[in-house]
Amino acid sequence: MVLEKQFGEADARAALPHLKFDDNKFTRGMCELIVGGPEFPGAGVLASLAANSLAAGYVTTYTWKDAARAIRAKQPSIVVRKPKEFLTRDHTAAPGKPKAVVIGCGLSPDDEAAELVLAALQVEVPLVMDGGALAFMNRADVKEALVTRAKNKFPTVLTPHAGEAARLLKAEAERCAEQESLFDTSDPSWQWVHERGEQYAAADPKADPAQAAALIANAYGAVCVLKGPDTYISVPGFVQESDEHTVLVVTEGTPALAKAGTGDVLAGTIGSFVASGMALEAACSLGVFLHARAGRLAGEALGELCVTAERVLHYIPKAVCSLA
Ligand SMILES: NC(=O)C1=CN([C@@H]2O[C@H](COP(=O)(O)OP(=O)(O)OC[C@H]3O[C@@H](n4cnc5c(N)ncnc54)[C@H](O)[C@@H]3O)[C@@H](O)[C@H]2O)[C@@H](O)CC1
Ligand SMILES: Nc1ncnc2c1ncn2[C@@H]1O[C@H](COP(=O)(O)OP(=O)(O)O)[C@@H](O)[C@H]1O
């Protein structure tokens, strides 16, 4: 049974990290992003600026020409490198070892992005997968890498909207159908896999988002942040109906957030808190809450029709101050 628990203002206030007197840019956490492909440079700019506006002490973005130029012009404090450098760089060496990697905002489903996604999955730090990175989840090598990460306790976060969530559920239902064919129907394993496949095929992210988030989290061994009018955050652990599993829900959102690019801002926001060393579920919930609060504050100040992803970004510091 999936239970819902509200993550509200008091929870966000309690979760908000505070700086230590002797913190430096490295102790505050390095957040690396692989975002902003040639087709969608804007998404990379929004995610990078959001990550740099919050808890992480150091932001490095691996991106292509157009996004690189825009990020350098908007926030020169962000270090910008070429995507290929992510493949060759040593991600284990201090002091520049990342504490979180964000991948996917504005990536297209091509071979170059696939190579980067597979490389990011190998890096032994928390990984946030958004947008274009979620398009690779039906690949066997990506699924295998996710399972290995989960086994080795390297956490992953997936941030689907309802459309992406439906595709993640469908991919898992198809995997179950394939597995099912390996067993004889009289084998108890056949029954187990068959029922699991039916459960995934029937799940509906819009009709029952809490259940959908819990199923996705379990299938991919990752924290699932299922975005929508309300946003649901589930850790893995919900395997069958008899499990009592709690999913957090943030209801602070506003339809003013229904605008291209706001999801990219959220991915950077979550990445920044993850990089600061927060526990994953808390980092995701706090990120979702502050993003929603920023949208709300922007709507109150500017009119809800006039909120853009850039304006959500602008209101994030005010959202943080509203918790003080
Ligand atoms: N300025 C930019 O550069 C922007 C780039 N973006 C990036 O562009 C890439 C592609 O994103 P697009 O925005 O083109 O499309 P999406 O990948 O978000 O949407 C693809 C399909 O999913 C479905 N869908 C989308 N939102 C849904 C919802 N809330 N509920 C149900 N179904 C839904 C629709 O059928 C849609 O055709 C992503 O990597 C994204 O990060 C977007 O974030 C928009 C802004
Ligand atoms: N009607 C709504 N009410 C509240 N929040 C919404 C609504 N529609 C979208 N959002 C929020 O806006 C963001 C949209 O993200 P996403 O769909 O990934 O957009 P994009 O890919 O364009 O960045 C999510 O954080 C989602 O929760």
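On a predicted model such as this, the values are computed, not experimentally measured, just so you know.

## A closer look at the overall build of the protein
- Of regular secondary structure, the protein possesses 12 helices and 10 strands.
- Radius of gyration (C-alpha) of the protein: 19 Å, near the 20 Å computed for a compact globule of 324 residues.
- Overall size of the protein, expressed as C-alpha extent along the three principal axes, is 65 × 45 × 40 Å.
- Every one of the 324 residues in the protein was classed for burial, and the buried ones make up 53%.
- Partitioning the intrachain contacts of the protein with sequence separation of at least 6 by distance along the chain shows that 69% fall at a separation of at least 24.
- As presented, the protein carries roughly 14400 Å² of accessible surface, and 54% of it is formed by carbon and sulfur atoms.
- Averaged over its 31 positive side-chain charges, the protein has a centre that lies 11 Å from the centre of its 39 negative ones.

## Digging into the packing of helix α2 (residues 41-52) against helix α10 (residues 262-275)
- Contact pair α2 / α10: the axes reach a minimum separation of 7 Å and the direction vectors enclose 35 degrees. When you trace α2 past α10, the crossing you get is right-handed. For the pair α2 and α10, contact is made by Ala43, Leu46, Ala47, Ala50 and Ala51 and by Asp264, Val265, Gly268, Thr269 and Ser272, respectively.
- Of the residues that constitute the contact of α2 with α10, the class distribution is six nonpolar, three polar and one charged.

## What about the UniProt feature "binding site: AMP" (unreviewed entry) in the protein?
- The UniProt record marks Lys227, Gly228, Pro229, Asp230, Thr231 and Gly263 with the feature "binding site: AMP" (unreviewed entry), using the residue numbering of this structure. For the residues just named, distributed over 37 residues, the greatest C-alpha separation is only 13.3 Å, placing them together at one site.
- A residue is classified by how much of its surface remains accessible, and aspartate 230, at 31% relative accessible area, is partly exposed.
- Non-local contacts of aspartate 230, meaning those with residues more than four positions away in its chain, are made with Val249, Val250 and Thr251.
- Not counting the four nearest positions on each side in its chain, threonine 231 is found in contact with Val225, Leu226, Leu248, Val249, Val250 and Val288.
- Of note is the side chain of threonine 231, whose polar atom sits 3.4 Å from the backbone nitrogen of glycine 228.

## Quick word on the sheet that holds strand β8 (residues 223-226)
- Within the open sheet, the 10 strands sit side by side as β1-β10-β9-β8-β7-β6-β5-β2-β3-β4. Their pairing is mixed. Of all the strands in the sheet, just β1 (2-6) and β4 (79-81) have a single pairing partner and so form its edges. On average, each strand axis in the sheet is inclined to that of its neighbour by 20 degrees, with strand direction left out of account.
- Bridging between strand β5 (residues 100-103) and strand β6 (residues 127-129) involves three bridges; their strand directions are parallel. Its bridge partner being in β6, valine 102 is matched across the sheet by valine 128.

## So, the site of ligand 1
- Among the 17 residues in the neighbourhood of ligand 1, the closest are listed as Ala43, Gly106, Gly132, His161 and Asp264.
- Between ligand 1 and glycine 106, the relevant distance is 2.9 Å, taken from an oxygen atom to a main-chain nitrogen or oxygen of the residue.
- Contact between ligand 1 and glycine 132: an oxygen atom at 3.2 Å from a main-chain N or O atom of the residue.
- When the free accessible area of ligand 1 is taken as 830 Å², the share hidden by the protein chains comes to 52%.

## Here's the deal with the site of ligand 2
- Near ligand 2 there are 16 residues, and of these Lys227, Gly228, Thr254, Gly261 and Gly263 occur at the shortest range.
- Here glycine 228 contributes a backbone N or O atom positioned 2.9 Å from an oxygen atom of ligand 2.
- Between threonine 254 and ligand 2, the recorded distance is 3.4 Å, taken from a backbone N or O atom to a nitrogen atom.
- When ligand 2 is considered free in solution it has 580 Å² of accessible area, and contact with the protein chains removes 76% of it.

How each quantity is defined
- Residues numbered from 1 in each chain as written.
- Chains lettered and ligands numbered in written order.
- Predicted model: local features only at pLDDT ≥ 70, side-chain atom pairs only at ≥ 80, totals over all residues.
- Heavy atoms only, no water.
- Helix = DSSP H or I, 4+ residues; strand = E, 2+ residues; numbered from the N terminus.
- Rg over C-alpha atoms; globule rule 2.2 N^0.38 Å.
- Buried < 20%, exposed > 50% of the residue type's maximum accessible area, 1.4 Å probe, protein only.
- Contact = heavy atoms within 4.5 Å.
- Areas by Shrake-Rupley, 256 points an atom, 1.4 Å probe, with all protein chains shown as cover.
- Lys, Arg positive; Asp, Glu negative; His and termini not counted.
- Charge placed at Lys NZ, Arg CZ, Asp CG, Glu CD.
- Axes fitted to C-alpha atoms, helices over the stretch in contact; angles between N-to-C directions.
- Left-handed = near helix turned anticlockwise from the far one by under 90°.
- Nonpolar A, V, L, I, M, F, W, Y, C, P; charged D, E, K, R; others polar.
- UniProt positions renumbered as here; feature names shortened; annotations may be inferred.
- Polar contact = N/O pair within 3.5 Å; in protein donor to acceptor, adjacent residues only side chain to side chain.
- Pairing = 2+ DSSP bridges.
- Near = heavy atom within 4 Å.

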